[in-house]
Amino acid sequence: MFQSNKSESKGARCGTDHLKYSFAVSFTAAVITGLILYFLVGRGDSSSARLAVTAFIVIIGTALTFFILWTGRVNFLRMVTFIGIDGLIFTIALSLEHEVQRGSILLTSQALNSNSVPICPITIPFVAVPYFTEGKMVFPSPVTSLFAVLFMWLGLVLILGRGWCGWICFFGWMDQFFASLLKKPIIPLENPPKWAKLFPYAFMLFLILVSAVFLIPIFCAFICPLRIIYDPPGVTTTFEWITALIFVTGGLIFLVIGPLLTKKRLFCSFICPLMPANTLIGVINPFKVKIDTTLCKKCGLCVKSCELFAITKESLAKGRTTIECAKCGKCMDKCPAGAINYKLMFTDQTIRLFFIPLAIIFNLLIASGFIWMVVHYLMTGEIVSFQ
């Protein structure tokens, strides 16, 4: 029995060897990634604080690029920066900004009336449409902030597709974290009904129509589960208690308990209004995750392990993921045959060597801004505004 398991394990390792790059290639790609990050993050600023932040980002980016390419393992190291840097440091930076600018992390009426609430990418579908169709800014933030976030998001989605949700999004860390805690799901959830997978698209359309007609961002005001941490409401009235209860209940179900029990990113799969936009626009991005059906052992591990329901038995048979794939790499790490890889659209050309450094550069470039906010605050007691 032991020899059989050992033989199978050895076979699995051999089957995935083609996903690994040589030391020389991995090292070269890592150095190039580090140099690009040095110039983009350093910005020619020779101050000791900026150099320290730049050095930290360069070291992290170089190490991530090298070890992902050299080992052929993507998901764990991706989560290190997705959760630990993008998510947690963003949360700290945003909380500090609120404390300094508002005096509290709570979303007060004063902040709403002053149009100084930082706008997040999740609001883009139902904020941009009313602005461009009716000239109305329905979110309490400057129009310049809308355009800055819109162009940043659109550029990255055109390049990475729904890879935004797996590598960039600074709100996705929460359900990602809890979905990763247990080794096995307590409540297996592999094949949600078709209506559940279509729900986010209908939900986004509903939010856009309501915002366009009533000029109210109802998702932010009354639904968003993320408000258990980000911009929690100041509760002084019965109505505010009710909305706070909705935020807390939704947060526990879709961000904490649900992902923990199912090992699935439920908020990002079914609730996030930006997911359908990422998915539909991302169809034209050049990086795809494809399955080599000649290598596939039909074991179904990729279907079971995908946290976003982006691989089905039907898509597996066709050698591809669904359009909801976030390119996180977990299915690649789980596949014993090494049958899944990053490919160039319309071709069978492997493009892992280009996708991994690019995703890491964009991830850390955004994270560097949050790190700099925290460092600047610790040095001066002042914080750079998100506006």
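Keep in mind that this is a model prediction, so the values were computed, not measured.

Some words on the overall build of the chain
Consideration 1: Across its full length, the chain carries 18 helices and two strands.
Consideration 2: With the principal axes as the frame, the chain shows a C-alpha extent of 65 × 55 × 40 Å.
Consideration 3: By residue count, 52% of the 387 residues in the chain fall in the buried class.
Consideration 4: Long-range pairs, those at least 24 residues apart, make up 76% of the contacts in the chain with a sequence separation of at least 6.
Consideration 5: Both charge centroids of the chain, one from 32 positive and one from 18 negative side chains, sit 10 Å from each other.

What about the environment of Ser 47?
Consideration 1: In this structure, Ser 47 sits in the loop between α2 (23-42) and α3 (48-71).
Consideration 2: Among the residues examined, Ser 47 registers a relative accessible area of 29% and is labelled partly exposed.
Consideration 3: The sequence separation of Ser 47 and Met 332 amounts to 285 residues, and the corresponding C-alpha distance is 41 Å.

Concerning the packing of α3 against helix α4 (residues 75-102)
Consideration 1: Running from N to C, α3 and α4 cross one another at 150°; their axes reach a closest spacing of 9 Å. As judged from the angle between their axes, α3 and α4 are roughly antiparallel. From α3, Ile 60, Leu 64, Phe 67 and Ile 68 reach across to α4, where they touch Leu 77, Thr 81 and Ile 85.
Consideration 2: When grouped by side-chain class, the residues that make up the contact of α3 with α4 number six nonpolar, one polar and no charged.

Quick word on the pattern of salt bridges
Consideration 1: Inspection of every chain in the model, using the stated rule, returns six salt bridges.
Consideration 2: When the shortest N-O distance is used, the salt bridge between Lys 20 and Asp 17 registers 3.5 Å.
Consideration 3: Residue Asp 17 is classed as partly exposed on the basis of its relative accessible area of 38%.
Consideration 4: Across the pair Asp 175 and Arg 265 runs a salt bridge, and its minimum N-O distance is 3.4 Å. Of the two residues, Asp 175 is situated in helix α9 (residues 173-179) and Arg 265 in the loop between α12 (238-262) and α13 (266-271); the sequence distance between them amounts to 90 residues.

Looking at the packing of aromatic side chains
How two aromatic rings sit relative to each other is set out by the distance from centre to centre and by the angle between their planes.
Consideration 1: Evaluated as defined, the whole model comprises 27 aromatic pairs.
Consideration 2: Centre to centre, the rings of Phe 126 and Phe 219 are 6.1 Å apart; their planes meet at 55°, and the pair counts as tilted. On the criterion of sequence distance, the pair formed by Phe 126 in helix α6 (residues 124-134) and Phe 219 in helix α11 (residues 218-223) is long-range, its members being 93 residues apart.
Consideration 3: Members of the aromatic cluster, connected to one another through ring pairs, are Phe 90, Trp 164, Phe 170, Phe 171, Tyr 230 and Phe 370.
Consideration 4: The residue whose ring lies beneath Arg 78 is Phe 82, and the NZ or CZ to ring-centre distance is 5.3 Å.

A few points about helix α14 (residues 274-282)
In an α-helix, one turn spans 3.6 residues; hence positions three or four apart end up facing the same way.
Consideration 1: Taken across its nine residues, α14 has seven buried, putting it largely inside the fold.
Consideration 2: Along α14, the residues that are buried comprise Leu 274, Met 275, Pro 276, Ala 277, Asn 278, Thr 279 and Gly 282.

Regarding a nonpolar patch on the surface
Consideration 1: A cluster of nonpolar residues, Phe 23, Phe 27, Val 31, Leu 35, Tyr 38, Phe 39, Leu 51, Phe 67 and Trp 70, forms a patch on the protein surface that exposes about 920 Å² of accessible area.
Consideration 2: Every element with two or more residues in the nonpolar patch is listed here: α2 and α3.
Consideration 3: For the nonpolar patch, the element with the most residues is α2, which contributes six residues.
Consideration 4: Counting through the fold element by element, Trp 70 comes out in helix α3.

What about the confidence of the model for the chain?
Consideration 1: When pLDDT is averaged along the chain, the result is 91; 95% of the residues meet or exceed 70.
Consideration 2: Scored below 50 in pLDDT, residues 1-13 makes one contact in the model with residues more than four places away or belonging to other chains.

Description of α2
Consideration 1: The terminal C-alpha atoms of α2, which comprises 20 residues, lie 27 Å apart, in line with the 28 Å expected from a rise of 1.5 Å per residue.
Consideration 2: All of the buried residues along α2 are Ser 26, Ala 29, Ala 30, Thr 33, Gly 34, Leu 37, Val 41 and Gly 42.
Consideration 3: If you follow the buried residues of α2, they end up packed against α3 and α18 (352-380).
Consideration 4: Arg 43 occupies a position one or two residues after α2 and carries a positive phi of about 55°.

Side note on the packing of α3 against α18
Consideration 1: Running from N to C, α3 and α18 cross one another at 155°; their axes reach a closest spacing of 9 Å. Taken together, the axes of α3 and α18 are roughly antiparallel relative to one another. Every pair of crossing elements has a handedness; the one defined by α3 and α18 is right-handed. On the side of α3, the interface is formed by Ala 49, Arg 50, Val 53, Phe 56, Ile 57, Ile 60, Gly 61, Leu 64, Thr 65, Ile 68 and Leu 69, while α18 contributes Arg 352, Leu 353, Ile 356, Pro 357, Ile 360, Leu 364, Ser 368, Ile 371, Trp 372, Val 375 and Met 379.
Consideration 2: Looking at side-chain class alone, the contact of α3 with α18 contains 17 nonpolar, three polar and two charged residues.

Brief notes about unusual backbone geometry
Consideration 1: At Asp 231, a position not held by glycine, the phi torsion is positive, near 55°.
Consideration 2: Looking at where Asp 231 falls in the secondary structure, it is placed in the loop between α11 and α12.
Consideration 3: Unlike most non-glycine residues, Phe 309 shows phi in positive territory, near 55°.

Criteria and thresholds
Residues numbered from 1 in each chain as written. Predicted model: local features only at pLDDT ≥ 70, side-chain atom pairs only at ≥ 80, totals over all residues. Heavy atoms only, no water. Helix = DSSP H or I, 4+ residues; strand = E, 2+ residues; numbered from the N terminus. Buried < 20%, exposed > 50% of the residue type's maximum accessible area, 1.4 Å probe, protein only. Contact = heavy atoms within 4.5 Å. Lys, Arg positive; Asp, Glu negative; His and termini not counted. Charge placed at Lys NZ, Arg CZ, Asp CG, Glu CD. Axes fitted to C-alpha atoms, helices over the stretch in contact; angles between N-to-C directions. Parallel < 35°, antiparallel > 145°, perpendicular 65-115°, else oblique. Nonpolar A, V, L, I, M, F, W, Y, C, P; charged D, E, K, R; others polar. Salt bridge = Lys/Arg side-chain N within 4 Å of Asp/Glu carboxyl O. Phe/Tyr/Trp six-rings, centres within 6.5 Å; stacked < 30°, edge-to-face > 60°. Lys NZ or Arg CZ within 6 Å of the ring centre and 35° of its normal. Patch = residues over 30% accessible without salt bridge, like charges linked within 9 Å, V, L, I, M, F, W, Y side chains within 5 Å. Areas by Shrake-Rupley, 256 points an atom, 1.4 Å probe, with all protein chains shown as cover. pLDDT = per-residue confidence, 0-100. Expected span 1.5 Å × (residues − 1). Left-handed = near helix turned anticlockwise from the far one by under 90°.

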